[in-house]
Amino acid sequence: MIKIASSEITPEHIYLNRRKFMVGAGSIAGALALAACGKADAPAASAPAAASQSTLKTPLTAFPKATLDHAEPYASKAQDELGNKLNKYDEITNYNNYYEFTTDKEGVNPLSEGFTTTPWKVEVSGLVNNPKTYDVDDMLKKFTQEERIYRLRCVEAWSMVIPWVGFKIADLLKEVDPKSEAKFLKFTSVMRPEEMPGQQTGMLNWPYVEGLRIDEAMNPLAIFATGMYGKPLLAANGAPFRLITPWKYGFKGIKAIVKIELVDTQPVSAWMNAASNEYGFYANVNPEVDHPRWSQATERRVGALGHIPTLKFNGYEQEVASLYAGMDLKANY
Ligand SMILES: Nc1nc2c(c(=O)[nH]1)N[C@H]1C(S)=C(S)[C@@H](COP(=O)(O)O)O[C@H]1N2
Ligand SMILES: [Mo]
């Protein structure tokens, strides 16, 4: 059981920098093209470096317990289970997709520095026997926090290896006790246009929404992240509470969650809403199913040269393939 005072899990800059964002021109609904999730990294002409098509099962039991009180970035290992080197803290915190702030990946961190992430409540409601509103501070104490070194593969064909800290979605579901009619989880991000300049535009239909089938959410790889590299999440990475499903494209990993609803019909995600022919509900990483506008066969590892092959289910096939037995993965993209 870890104990974390709320003063420790609040990054210092939140106290120091309470700069309010200027409210700019009104919303420009629908005026912007789908830029960042619409531009893939240009594939390299040279042959991709060999990435091992490993059959190793992710050693779930080996994930060490984690705390968020490290002064310097901390990870228990320097590589993932396939031997891929971890990305650097500075890379993970300065190359972000977070359209509520900006579509400029390097602009997210500076723009989100003063974003208020504490206190933070998360409502869990809908088809559950024990609806509950959690304070994130309480979730940190209540649910065992673990380090999870996962690959993150963006649909735009770049990737990173990230040491998250978080807890299993299954742990939270056990407590709220879904009713038998509940088939899906619907996640909703915070709506705070006065602090999030991207929400003053019609870039996406705000707030950002995502969803999972309940059996996907129960898979032990599916976590809520609360930290990264042994420190509390930065706003840029979705503080204080975001979803991580490492076998799916990064856009499923919804940031700054304020609501989780158990529902009986498949939720429509923000990206399905924007372009359902390009961004489907499942979004499982699959080198055999191309995006309509680019190949998904290879990816660029941020911080490294050249391209490497993309692995089916992002290399977590053994852990998750059974969730999709009998499904046409091309039709259910
Ligand atoms: N609320 C919200 N969540 C989001 C996004 C977003 O724009 N808004 N972008 C998604 C995309 S496209 C990716 S690749 C990941 C990036 O996570 P990271 O910046 O922590 O690497 O966050 C996802 N979660
Ligand atoms: Mo992404």
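Residues numbered from 1 in each chain as written. Chains lettered and ligands numbered in written order. Predicted model: local features only at pLDDT ≥ 70, side-chain atom pairs only at ≥ 80, totals over all residues. Heavy atoms only, no water.

1. Brief notes about the overall build of the protein
Check the secondary structure of the protein and you find nine helices and twelve strands. Counting the 333 residues in the protein, one finds 56% classified as buried. Put simply, 74% of the contacts in the protein that link residues at least 6 apart link residues at least 24 apart. Summed over all atoms, the accessible surface of the protein reaches about 14,300 Å², with 55% contributed by carbon and sulfur. (Helix = DSSP H or I, 4+ residues; strand = E, 2+ residues; numbered from the N terminus. Buried < 20%, exposed > 50% of the residue type's maximum accessible area, 1.4 Å probe, protein only. Contact = heavy atoms within 4.5 Å. Areas by Shrake-Rupley, 256 points an atom, 1.4 Å probe, with all protein chains shown as cover.)

2. Re the pattern of salt bridges
Inspection of every chain in the model, using the stated rule, returns 17 salt bridges. The residue Glu175 makes a salt bridge to Lys142 at a minimum N-O spacing of 3.3 Å. Here Glu175, found in helix H6 (residues 169–176), pairs with Lys142, found in helix H5 (residues 136–142); they are 33 residues apart in sequence, far enough to count as distant. Residue Glu175 is classed as partly exposed on the basis of its relative accessible area, which comes to 24%. On the accessibility criterion, Lys142 (42% relative accessible area) is partly exposed. Connected through salt bridges with shared partners, the residues Asp80, Glu81 and Arg151 form a single ionic network. (Salt bridge = Lys/Arg side-chain N within 4 Å of Asp/Glu carboxyl O.)

3. Some details on the site of ligand 1
Taken together, 18 residues lie around ligand 1, and Asn96, Tyr99, Glu100, Gly253 and Lys255 are the ones closest in. At 2.8 Å from an oxygen atom of ligand 1 is found a main-chain nitrogen or oxygen belonging to Tyr99. One nitrogen or oxygen atom from the side chain of Asn237 is found 3.0 Å from an oxygen atom belonging to ligand 1. (Near = heavy atom within 4 Å. Polar contact = N/O pair within 3.5 Å; in protein donor to acceptor, adjacent residues only side chain to side chain.)

4. Some words on the pairing of strand E11 (residues 298–301)
One face of the sheet, then the other: side chains in a regular strand alternate in exactly this way. Side chains Glu299 and Arg301 project from E11 onto a buried face, and the interleaved Thr298 and Arg300 project onto a face without burial. Two elements, strand E4 (residues 158–168) and E11, share two bridges in a ladder whose sense is parallel. Of the residues in E11, the one forming a bridge with Ser159 is Arg301. Bridge count for E11 against strand E12 (residues 308–309) is two bridges, and the pairing is antiparallel. Directly across from Thr298, in E12, lies its bridge partner Pro309. Connecting E11 to the antiparallel partner E12 that follows it, the hairpin turn spans six residues, and Gly303 within it adopts a positive phi of roughly 90 degrees. (Pairing = 2+ DSSP bridges.)

5. Comments concerning the pairing of strand E1 (residues 121–126)
Pairing geometry for E1 and strand E2 (residues 132–135), over four bridges, is antiparallel. Within E2, the residue paired with Glu123 across the bridge is Thr133. Between E1 and E2, which pair antiparallel and follow one another directly, the connecting turn spans five residues. Pairing between E1 and strand E10 (residues 257–263): four bridges, direction parallel. Bridged to Ser125 within E10 is Glu261.

6. Here we look at the confidence of the model for the protein
Taken residue by residue, the protein gives an average pLDDT of 87. The fraction at 70 or more is 81%. Throughout residues 43–56 the model reports pLDDT below 50, and contacts reaching past four residues in sequence, or to other chains, amount to 17 contacts. (pLDDT = per-residue confidence, 0-100.)

7. Digging into the packing of aromatic side chains
A ring pair, where both rings are aromatic, is described by two values, the distance of the centres and the angle of the planes. Scanning the entire structure with this criterion turns up 20 aromatic pairs. When the centroid spacing of 5.9 Å and the interplanar angle of 55 degrees are considered together, the rings of Tyr134 and Phe143 count as tilted. By the burial criterion, Tyr134 is buried, and Phe143 matches it. Ring centres 4.8 Å apart and planes at 15 degrees place the aromatic pair Phe143 and Phe167 in the stacked group. Taken as a pair, Phe143 in the loop between H5 and strand E3 (146–153) and Phe167 in strand E4 lie far apart in primary sequence, 24 residues in all. Both residues of the pair, Phe143 and Phe167, belong to the buried class. Aromatic ring contacts, followed pair by pair, group Tyr134, Phe143, Phe167, Phe187, Phe224 and Phe241 into a single cluster. The aromatic ring of Tyr95 is capped on one face by Lys105, whose charged end is 5.8 Å from the ring centroid. Across from the ring centre of Tyr89, 5.9 Å away, lies the NZ or CZ of Lys231, which sits over that ring. (Phe/Tyr/Trp six-rings, centres within 6.5 Å; stacked < 30°, edge-to-face > 60°. Lys NZ or Arg CZ within 6 Å of the ring centre and 35° of its normal.)

8. Some thoughts on H6
Of all the positions in H6, only Ile169, Ala170, Leu172, Leu173 and Val176 are classed as buried. Buried residues of H6 fall within an arc of 160 degrees about the axis and therefore sit on the same side. Asp177 sits one or two residues past H6 and shows a positive phi near 60 degrees. (Arc of directions from axis to C-beta.)

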